[in-house]
Every structure is written in structure tokens, then in C-alpha cells.
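# Structural features, examined
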Amino acid sequence: CYRLLCAGPHPGYPPLLLPSLRLFIPPLRLVSAAMWHVVQRGSVQDYGMVEEFISMVTEIVPDLLNADQKAQLLLGLRARLDLLLT
């Protein structure tokens, strides 16, 4: 569902410019809130969606997180997933 709301750029196309991103703000807020709720609830079965969402958003807005921040966030999410599944 969030893929339809916040479709990423097609290969070969540049990231969206800030004025274009304003069209995505309401759906992005909604999906961000849903992803935050997944993390707060600790819904392990949905952590893959959160990881996908983080990757998609950082592709659309590359300056949102630097590479180290993105890696730390995704690795932390995977580590928590591993801890909760074991």
C-alpha cells in the first residue's frame, strides 16, 4: 500500500525535487506514522516493511540520511529483528 503512495524514482531518473515532494507530504506522513507505530508495537513480522520504507524514502530524498546513518538504522532494525526472533 505505501508503495502506491510513495512510489520511488524509476531507474535512470533523478531524485524528485523538493517542490515535487510536497505532493507526497500527506501520504508520506500517514505511512511514516504507520511505520513508527509498527516499531513502537514491536511488530516483528512487519519490520521488513519498515526496512523497505526507509530504503525507499532515502532513495527519493538522498540527503535525508547520510550513508552511515542509513546503515546504522537498517542494521539496528535487523539486529532487533534477530533478537526478537531468537
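Residues numbered from 1 in each chain as written. Predicted model: local features only at pLDDT ≥ 70, side-chain atom pairs only at ≥ 80, totals over all residues. Heavy atoms only, no water.

Once that is clear, we can look at the overall build of the chain. Each helix and strand in the chain was counted, giving 5 helices and 0 strands. The order of α-helices and β-strands along the chain, N terminus first, is α-α-α-α-α. In the chain, which comprises 86 residues, the proportion classed as buried is 24%. Of the roughly 6,300 Å² of accessible surface on the chain, a fraction of 65% belongs to carbon and sulfur atoms. (Helix = DSSP H or I, 4+ residues; strand = E, 2+ residues; numbered from the N terminus. Buried < 20%, exposed > 50% of the residue type's maximum accessible area, 1.4 Å probe, protein only. Areas by Shrake-Rupley, 256 points an atom, 1.4 Å probe, with all protein chains shown as cover.)

This part takes up the environment of Leu74. Secondary-structure assignment places Leu74 in helix H5 (residues 67–85). Considered as a pair, Leu74 and Ile54 are 20 residues apart in the sequence and their alpha carbons are 7.9 Å apart. Not counting chain neighbours up to four residues away, the residues in contact with Leu74 comprise Glu51, Ile54 and Ser55. (Contact = heavy atoms within 4.5 Å.)

Another point: helix H3 (residues 25–41). Structurally, the α-helix is built with 3.6 residues per turn, so residues lying three or four positions apart point the same way. Taking 1.5 Å of rise per residue, the 17 residues of H3 would be expected to cover 24 Å, and the 24 Å separating its terminal C-alpha atoms lies within 8% of that figure. All of the buried residues in H3 are Val31, Met35, Val38 and Val39. Projection of H3 onto a plane perpendicular to its axis shows the buried side chains occupying an angular sector of 95 degrees, all on one side. Across H3 from its buried face, at more than 90 degrees, point the exposed residues Pro26, Arg29, Leu30, Trp36 and Gln40. (Expected span 1.5 Å × (residues − 1). Arc of directions from axis to C-beta.)

Turning next to the pattern of salt bridges. Counting across every chain of the model gives 2 salt bridges. Asp46 is the salt-bridge partner of Arg41, the closest N and O atoms lying 3.8 Å from each other. In this structure Arg41 comes out as partly exposed when scored by relative accessible area, which is 46%. (Salt bridge = Lys/Arg side-chain N within 4 Å of Asp/Glu carboxyl O.)

Nonpolar side chains tend to gather and get buried jointly when the protein is soluble and globular. Grouped together as the largest cluster of nonpolar side chains are 13 residues, with contacts concentrated most on Met35, Val50, Phe53, Ile54, Met56 and Leu77. Contributing elements (two or more residues each) for this core: H3, helix H4 (47–60) and H5. Of the residues forming this core, the biggest block, 7 residues, is contributed by H4. (Core = buried A, V, L, I, M, F, W, Y, C linked by side-chain atoms within 4.5 Å.)

Taken by themselves, the reported measurements are silent on function.
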